[in-house]
Each structure stands twice: as C-alpha cells, then as structure tokens.
Amino acid sequence: MQQGQQGWIAIRDRPLRGELTVPGDKSVSHRAIMLASLADGVSRIEGFLEGEDARATEAIFRQLGVRIETPEPGARIVHGVGLDGLRPSVQPLDCGNAGTAMRLLSGLLAGQRFDSVLVGDASLSKRPMRRVTGPLARMGACIETGPDGRPPLRIHASNGLQSIEFESEVASAQVKSALLLAGLYANGETVVREPQPTRDYSERMLAAFGWPVAFSPGIARLSGGHRLRATDVAVPADFSSAAFFLVAATVVAGSELRLRRVGMNPRRTGLLHVLRAMGADIVEENAGEQGGEPVADLRVRSAPLRGIAVPREHVADMIDEFPALFVAAACAEGTTTVRGAAELRVKESDRIATVATGLRALGIRVDETPDGATIHGGRLRGGVVGSHGDHRVAMAFAVAAQCATDAVTINDVANVATSFPGFDALARGAGFGLEVAES
Ligand code: S3P
C-alpha cells in the first residue's frame, strides 16, 4: 500500500446472508439540496446520503447563504431562499470528487447575478466540462474553464440567459440537468434531446417542487419565469450501491440477501436486466413508491452466470454499474462484451482501464476497446489492485475478492465514502471478508 493511503484486504469468507439497507441515492440527494435551496419555504429531506459528494453540495449551498439544519443523520431541513436569493461566495466552491455537483451547479450558477468559482479534487479536475460550458455559452453564460476544458470553472455574473433547443451528443443526465437548471433563469423554453434516455430525477423533482416541466424518455423541456415551492423529499436507497451486493450475492455460492427499499427508477436498473439475462436469480418484492420514485425490496440468491453481449440499449441505464458488471462477467462462464460505453473512460477514473487492469492482475483476460471491453470469464486469484481513487472500482474489487482463491489487496479506497459511507462494515455484516488496512 502506498504511504498515507487507505486500503482493504479482502478475501472470501462465507456465503452472504441477511437483510440490509444501502444508503440514500446520490443523484437524488444532490438535487434535493439544490432545489430545496432555491425554493420558497422550508423543505425536509429524509434518507439524505451522508456521503462526501452530497455533503459537498450541501456545504456549497451553505456557502451561498442557505441555512440547512441536520436534525438527525440522514435528515436535512433546508430553509429555501427563493430563485434569486443565493448570495455570492468569496471563496471557491469545492465540489470535491462530485461531477454531478460541478456540472449541475455550472448551469444553476450561470443564471446568478454574481461570479462563482467551482473547483474539485484531483480526479474531478481531470474531467471534461465543455459538454456543459459549450451549450451554456450558447444560452449566454460566460464560463471560463481551465486548460483543455477542465475545472476550475469561473462563472461570471449573468446578464440574462436565453433558452436554447439542444441536441446532446452524449447521453448524460448531468448535461441535461445543467441546461434545465440554467433554463429556470432563461427567457423562453429550454429543450434538451438526448441520444439515449438518461435518469430523469431533475425533471421529476422540478415537477415535485411545482415547476412546470414536460418530459418523456429522451426529451425534457421547461420555461423560465416560475417559482419553486418547498416540498419534502424522501430519498430512496441508491440502486448503484445495491448493485455491489446484487453481484456479490449472485457470485458467492450459497448466498441469499435481501436489499430493502431500493430505488427502482427504470433509468437506473439496466444492470438488473443484464444480470438476469446472464442467469442471476433476483426477485423484486414489496414494490411500492417512495417520494414519487418506484422502490422495491430485492431478494438475490446465488446462481451460475454465463457471459452475454450487453445490449446497447441498457448502457445508459447502467452507466455507473460497469465496474460491478465487469466483476460479474469475470465470474461468468464464457465471454461478456460491452460496447457503446465510451463514457466510462471519463468517469471518476477511466473505468474501462482501471477495472481491466485490476482484473488482469487477478488472472482474468480482458480485451479493451475504445468504447468497452470483452471479458473472458475465468478463475479469479488473489493479488494487488488499485482503485485509482474511484469509489465504485474499489467496491467492485471487494466483490471480486469474494470469489477469488486468495486475498486481494485493494489500494486507495478512501473515496468509497463519496457515495457509500460504511460500505466495509455493511459488507462485513453480510459476510464479506474485508479488513481496512492503513499504511
Ligand atoms: C449522474 C449522472 C451520470 C452518472 C453519475 C450521476 C447524475 O453521469 O454517471 O454518477 O446524478 O446526473 P453522466 O451524466 O456523466 O452520464
């Protein structure tokens, strides 16, 4: 382990058993803070993700003059300041590791009458921002980026925004949401069309806060000139966090896990379809609704997997689940191919490269392509892997270790706290062999 880094030593222990609830949805938590802050009145958020990413957004809105109380962990009371009530911050606004915070805030802050500077950590500082600053400039926003369109973002005071109709080349909920948030401050109707439908939390939540918005898969439109009305938000458990347990309980023989009240927004559950097509035994129970979002308990029993060609239409609906899917593919019989997923190269790490490199270190053959990979299922052995500071890669390797023949050392896992604080304890409780190792 490198000096000063936190790592894990993970090893197969026993079948995974029991019932667990994973933390609140990251995407919903960011948006709840943002819209509640801009609303008129007081909103209560339940199930808020106490992870570093969502807390970075919360800290930014405090810096912008919003009073946010924490009556208990996982709850927030947000005293909305209204659409034009934010105050400038002299200090830069630190998004940490959170791409969602930076991209959505670029749209929201582009509409303010004051300057702002958005910064991020080393990983976020390498991520592309022109996908948002380009269309925002067409709306009249003035945003300077760092070299090559990377952060930091210097957002200049708005002289008024103009709506646009935007046809996005990338399927990205962050791009769509940035433009819709800028559209709250624009003259006329902002329309965003996507090449593949992406998660629609911004649209649903804007509607819940009383803003007229029309949306269907692949298109969203709204006009400026309305107000947001405070409302309470119940954040469902994050499907992307549940995904690690879905894969783990599938590949560790003799397992049976129940994951409670998982968010089942259809734009998030692509992995479920793909795992089932590979042979997984996952049953939805107690389907219901929480805060306007579909939720269900997921019961998963271990089952043998076979490789498949992942249908391209599922890629956007499982964009955060590829590290977990690669591990499932490594444990499957035969080959799994992923194509049309070039976006994975610009996530918290280059997820095609980081996961492929780690799986190779554990004895699995992986052939990379620019937009995906072919994973040849096989026998995982022990070894040393790096997560490159990517939370989901770290958790995926913890899952891989549960079906490896020997211990796996996973370096650089501190960022797991960005999306899944307490993952190691919850995983151990379910039966993972997983120890924290501090250098
Ligand atoms: C997110 C959208 C996705 C996803 C990210 C969260 C969101 O990013 O990968 O973890 O909350 O809107 P892209 O919009 O870049 O696909």
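Cut-off values and rules
- Residues numbered from 1 in each chain as written.
- Predicted model: local features only at pLDDT ≥ 70, side-chain atom pairs only at ≥ 80, totals over all residues.
- Heavy atoms only, no water.
- Domains from an automatic or database assignment.
- Contact = heavy atoms within 4.5 Å.
- Buried area = accessible area lost by both parts, 1.4 Å probe.
- Salt bridge = Lys/Arg side-chain N within 4 Å of Asp/Glu carboxyl O.
- Helix = DSSP H or I, 4+ residues; strand = E, 2+ residues; numbered from the N terminus.
- Nonpolar A, V, L, I, M, F, W, Y, C, P; charged D, E, K, R; others polar.
- Pairing = 2+ DSSP bridges.
- Axes fitted to C-alpha atoms, helices over the stretch in contact; angles between N-to-C directions.
- Buried < 20%, exposed > 50% of the residue type's maximum accessible area, 1.4 Å probe, protein only.

Participant: Which residues make up the domain arrangement of the chain, and what values go with them?
Facilitator: We note that the domain assignment places domain 1 (6-24 + 236-438) and domain 2 (26-234) within the chain. The gap between the C-alpha centroids of domain 1 and domain 2 is 28 Å. On the domain 2 side, the residues contacting the 30 residues of domain 1 number 26 residues. Summed over both sides, the interface between domain 1 and domain 2 buries roughly 2200 Å², with carbon and sulfur atoms accounting for 45% of that surface. When the area that domain 1 buries against domain 2 is broken down by residue, the three leading residues are Arg267, Glu348 and Thr418, summing to 25%. Here domain 1 and domain 2 share four salt bridges between them. With a closest N to O distance of 3.1 Å, Arg199 and Asp320 form a salt bridge. Elements supplying a minimum of two residues to the side of domain 1 that touches domain 2: strand E19 (293-301) and helix H11 (391-401). Across the side of domain 1 that touches domain 2, the residue classes tally to nine nonpolar, nine polar and twelve charged.

Participant: Let's hear about the sheet that holds strand E21 (residues 365-369): which residues, and what values?
Facilitator: In space, the three strands of this open sheet follow the order E20-E22-E21, with antiparallel pairing throughout. Two strands bound the open sheet, and with one partner strand each, they are strand E20 (335-338) and E21. Along the sheet, successive strands turn relative to each other by an average axial angle of 10°, direction set aside. In the sheet, E20 pairs with strand E22 (residues 372-376) via four bridges, with the strands oriented antiparallel. Its bridge partner being in E22, Thr337 is matched across the sheet by Thr374. Those strands touched by helix H10 (residues 351-361) are E21 and E22, and its axis lies near 160° from that of E21.

Participant: Account for the environment of Val384, with residues named and values stated.
Facilitator: Considering the arrangement of structural elements, one finds Val384 in strand E23 (residues 383-386). We classify Val384 as exposed; its relative accessible area is 52%. The spacing of Val384 and Ile9 is 375 residues in sequence and 9.1 Å in space, taken between C-alpha atoms. Leaving out residues up to four positions away in the same chain, Val384 has contacts with Ala361, Thr409 and Asn411.

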